[in-house]
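So you can see what is in the structure, the chains are spelled out below.
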Amino acid sequence: MTTRLNTTISLTEPADLLAAVPHMLGFHPTHSLVVLTLHDLAATPTFGVTLRTDLPCPMRVCAFGEQLVAGPLGRQQAEAIILVVVGEKPNVAACGDACAGRCRDSSTADGGDTGPPHVDLIEVVSDAFHRAGVVTAHALWVPEIRAGAEWACYADPDCSGVVADPKGSTVAAAMAAAGAVTFGSREELRALVAPESAETVSRWSAKLDLLTEERDDGYDPGKVARDLRAVFAAIQRVGTGAALTEDDLLRVLLAVSDTRVRDIALGTALGDTARAAEELWLTLVRKAPDPEMPEVAALLAFSAYLRGEGALAGAALERIERARPDHRLGLLLQQAIEAGISPADLAVIARDAAEDARIMLEEDGAW
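Residues numbered from 1 in each chain as written. Predicted model: local features only at pLDDT ≥ 70, side-chain atom pairs only at ≥ 80, totals over all residues. Heavy atoms only, no water.

1. Describing the pattern of salt bridges
Here is step 1: Throughout the structure, instances matching the rule amount to 19 salt bridges.
Here is step 2: Of the charged contacts in the structure, one is a salt bridge between K287 and E196, with a shortest N-O distance of 3.0 Å. Residue K287 is located in helix α10 (residues 274–287), and its partner E196 is located in the loop between α5 (186–192) and α6 (198–215); the two are separated by 91 residues in the primary sequence.
Here is step 3: One salt-bridge network, held together by shared partners, links R186, E187, R190 and E318. (Salt bridge = Lys/Arg side-chain N within 4 Å of Asp/Glu carboxyl O. Helix = DSSP H or I, 4+ residues; strand = E, 2+ residues; numbered from the N terminus.)

2. A word on the pairing of strand β1 (residues 32–39)
Here is step 1: Counting buried positions along β1 yields 8 of 8 residues, so the element is predominantly enclosed.
Here is step 2: By the alternation rule, side chains of β1 split into S32, V34, L36 and L38 and L33, V35, T37 and H39, which are all buried.
Here is step 3: Bridging between β1 and strand β2 (residues 46–54) involves 7 bridges; their strand directions are antiparallel. Bridge pairing in β2 places V34 opposite R52.
Here is step 4: Counted between consecutive antiparallel strands, the loop separating β1 from β2 contains 6 residues, among which D40 sits at a positive phi close to 55°. (Buried < 20%, exposed > 50% of the residue type's maximum accessible area, 1.4 Å probe, protein only. Pairing = 2+ DSSP bridges.)

3. Digging into unusual backbone geometry
Here is step 1: One non-glycine residue, H31, lies in positive phi territory at about 45°.
Here is step 2: The residue H31 is located in the loop between α1 (14–25) and β1 in this model.
Here is step 3: Given a relative accessible area of 47%, H31 falls into the partly exposed group.
Here is step 4: Of note, H118 is a non-glycine position whose phi angle comes to about 65°, a positive value.
Here is step 5: In this structure H118 comes out as buried when scored by relative accessible area, which is 5%.

4. Let's talk about the packing of α6 against helix α8 (residues 246–255)
Here is step 1: Where α6 meets α8, the closest approach of the two axes is 10 Å, and the angle between their N-to-C directions is 65°. Relative to α8, α6 is oriented so that their crossing is right-handed. When α6 is examined against α8, the residues R203, W204, K207, L208, L211, T212 and R215 are found in contact with a partner set consisting of E246, D247, L249, L250, L253 and L254. (Axes fitted to C-alpha atoms, helices over the stretch in contact; angles between N-to-C directions. Left-handed = near helix turned anticlockwise from the far one by under 90°. Contact = heavy atoms within 4.5 Å.)

5. Topic: the pairing of strand β5 (residues 150–153)
Here is step 1: Across 2 bridges, strand β4 (residues 135–142) lies against β5 in antiparallel orientation. When the sheet's bridge partners are listed, W141 is paired in β5 with A152.
Here is step 2: Bridging between β5 and strand β6 (residues 160–162) involves 3 bridges; their strand directions are antiparallel. The residue bridging E150 from the neighbouring strand is V162, located in β6.

Written out as structure tokens, the structure is:
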């Protein structure tokens, strides 16, 4: 994911960097390897993307570094990386049946107790990036990211300290000022986009069936234009703080189920109404039945990613994958994120998609 903050903040101490990691990710990581890319080392080093992944199965550490280099990080043209390991125990759960009691805690390379855990993981990842021409500027370990937690460096036994309060960090203040939220865990983030209740989803499903039957009365060239007006009017009302009725929300949900309307609605992430639009998509994602949910989840994922909220985008895409694994826009967005396409480049793609949709509507006489 891209770093969420556009404000320039200097991070020079490991304790401050560790306190900033949750805000750079959007949630507090646990049992994780966090990789931060660095650029412009000859001038003023700056952070690029921040990637979090689960700690690997201890039996599969050897191939883990190559997997990271072959993934999105390998396409970032980073000059250096900072590695942060969060957690003490090996991730035996990731091994499945392959572990069968043979997994062990790799505190150090020789099994002794002379340094932070997961040293073999750091060595493997650092070697893989070194072969790719990327140096490891720093490697840190912390059991959890909270105020007062003791951290240590992998390269220097005298390099250690305690984590500064993440809530009181400069990055936290800047994030709060920008309206960004840092969640306590990844599970909290997933809960944000989870269905509101089975009763709501069931009621909406029945109402959508009735609305769909009412709309299917033959060819209507003006339907798309009316749907677009309904969507944009709803976004404007959300932006002014006005409440939307359930019928208003259902109409928007049905409107964006037309991929032409949805593709034009992608453009709302690029203007002044982006926040209001994202709030609307989030409301709909929590209420929508599975058949209609993927379109608004894709709109939410796209908007979140453009703001640098890669974790929220990922949570929305997870919902699409569970409901409709072959959803075309969901797959395209997932591939774009995995390929490391920047929000700016993705915005260009969205403008092109919206323009193509407008041209199609003009040709059909519906615009």
